[in-house]
Amino acid sequence: MGNKLQSMASQFATVVITGGSSGIGKAFVHQLHSLNRSIFFCNLSRSKPCFETDDIAYKHFPCHLGERGAIESVFREVVREMPPGRILLINNSGFGSYGPFPEPALEDQLEMIDVNVRALVELTGRFLPLLRERGGAVVNVASTAAFQPTPYMATYGSGKAFVLHWSLALERDLQGTGVRVLALCPGPTATDFFLRAGFKERVVSPGLSQTPDEVVIAALKALARGKRLCVPGWKNRVLTALSPHLPKPLAATLGAAILRRVRLAQLRAMKRE
Ligand SMILES: NC(=O)c1ccc[n+]([C@@H]2O[C@H](COP(=O)([O-])OP(=O)(O)OC[C@H]3O[C@@H](n4cnc5c(N)ncnc54)[C@H](OP(=O)(O)O)[C@@H]3O)[C@@H](O)[C@H]2O)c1
């Protein structure tokens, strides 16, 4: 598999990634760089990334993906900087929040749709002519939350369901164009995601979560094998194979019961502070 991964990575001259500043996005940069040292990375996020090695060729484009017009102007700058050759676009930026809708605030829910959904569609649409011309691939980061209703994370899970279905449909639309699409659906992953979502402590035990590197290696293997969907980790694969077979209202009731326990754990943690 090592050779297959290397030859897959060697196809790409440029990787355009959103949210390469932390977590899964940062792991994508490190893993792809270790496979192909000549890749040029264009990172779009609010904070400048800090990589563990200083030989990564990258440019940071400060960008709040939730702001209207931000992508249009940053897109032109990125295109000016990109070397010729095939492009890998990784739509990774995203955030969640936990609580009954609209907690913590309606504005957060709307921003979540803008960052997790709208920005991904806009970036893919803007890069598509160049992707078709040069060849390349798009990786869209969805979630296992995409496979069933997610009470207490209603907007997040529903946005990820959009990303999953949109990516699988886009892959068919682009058949024969030289542009591939992979939907990546990680389960719980040890990143800052939960803290940023407002959880006070790690709500998923280490036995149930994966590292960002594990997620990214699974995604790159899927890309090398020409897959269109990647659910990293066997536990996540079992969950996502079973949950779509439940009647949707029952899945929502079960999801509410499970996620309510997370809320209780969170409240207990807050009381301890
Ligand atoms: N961790 C999990 O359990 C898990 C599970 C399934 C799916 N995912 C998905 O994986 C992706 C990466 O998340 P992660 O786990 O790596 O969490 P993370 O460490 O919090 O990373 C999220 C990234 O999104 C970027 N981002 C957030 N808001 C942004 C904005 N307004 N504009 C531009 N960039 C923004 C952040 O960059 P800046 O802060 O620099 O802007 C950051 O690099 C997300 O789409 C998430 O939904 C995560």
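Here, every reference points to the structure presented above.
Predicted model, so just to flag it, every value in this text is computed and none were measured. (Residues numbered from 1 in each chain as written. Predicted model: local features only at pLDDT ≥ 70, side-chain atom pairs only at ≥ 80, totals over all residues. Heavy atoms only, no water.)

Engineer: Got a minute to help me understand the side chain of N92 in this structure?
Structural biologist: Summarising the element assignment, N92 is placed in the loop between β4 (86-91) and α4 (106-134). Residue class for N92 comes out buried when judged on its relative accessible area of 11%. (Helix = DSSP H or I, 4+ residues; strand = E, 2+ residues; numbered from the N terminus. Buried < 20%, exposed > 50% of the residue type's maximum accessible area, 1.4 Å probe, protein only.)

Engineer: Explanation requested: the site of the ligand in the structure shown.
Structural biologist: Within the structure, the ligand sits among 29 residues, and R46, S47, N92, Y156 and T191 are positioned closest to it. Contact between the ligand and S45: an oxygen atom at 3.5 Å from a side-chain N or O atom of the residue. One of the side-chain nitrogen or oxygen atoms of S93 is found 2.9 Å away from a nitrogen atom of the ligand. Burial of the ligand by the protein chains amounts to 98% of its free accessible area of 870 Å². Every element with two or more residues in the shell around the ligand is listed here: α2 (23-35), α5 (154-173) and α6 (193-196). Sorting elements by how many residues they give to the shell around the ligand places α6 first, with 3 residues. Across the shell around the ligand, the residue classes tally to 11 nonpolar, 14 polar and 4 charged. (Near = heavy atom within 4 Å. Polar contact = N/O pair within 3.5 Å; in protein donor to acceptor, adjacent residues only side chain to side chain. Areas by Shrake-Rupley, 256 points an atom, 1.4 Å probe, with all protein chains shown as cover. Nonpolar A, V, L, I, M, F, W, Y, C, P; charged D, E, K, R; others polar.)

Engineer: Could you clarify how one ought to interpret the nonpolar core in this entry?
Structural biologist: Considering soluble globular proteins, one finds that nonpolar side chains tend to be buried as a cluster. One finds F28, L32 and L88 to be the most contacted residues of the largest nonpolar core, which totals 30 residues. Looking at this core, the elements with two or more residues in it are α1 (2-10), β1 (12-18), α2, β4, β5 (136-141), β6 (179-184) and α7 (212-224). In contact with F28, not counting residues within four places along its chain, are I17, I90, V139, L184, V216, A219 and L220. Among the nonpolar cores identified, the runner-up in size contains 27 residues, and C42, V74, F127 and V138 belong to it. (Core = buried A, V, L, I, M, F, W, Y, C linked by side-chain atoms within 4.5 Å. Contact = heavy atoms within 4.5 Å.)

Engineer: For this particular structure, what's the right way to read the packing of aromatic side chains?
Structural biologist: Two descriptors summarise a pair of aromatic rings, namely the distance from one centre to the other and the angle between the planes of the rings. Considering all chains together, one arrives at 6 aromatic pairs under this definition. Note on Y98 and Y152: the rings are 5.9 Å apart at their centroids and 35° apart in plane angle, and the pair reads as tilted. Here Y152 lies in the loop between β5 and α5 and Y98 lies in the loop between β4 and α4, a separation of 54 residues in the sequence. In terms of burial, Y98 and Y152 fall into one category: buried. (Phe/Tyr/Trp six-rings, centres within 6.5 Å; stacked < 30°, edge-to-face > 60°.)

Engineer: Explanation requested: unusual backbone geometry in the structure shown.
Structural biologist: Peptide bonds are, in most cases, trans, and in most cases residues other than glycine have a negative phi. A cis amide bond links F101 with the next residue in sequence, P102, at an omega value of 5°. Of note, P102 is situated in the loop between β4 and α4. Following E103, the chain continues to P104 via a peptide bond in cis, the omega torsion being 0°. Locating P104 in the fold gives a position in the loop between β4 and α4. The backbone phi angle of Y152 is positive, close to 70°, even though this residue is not glycine.

Fair warning: the whole summary comes from geometry, so function is off the table for now.
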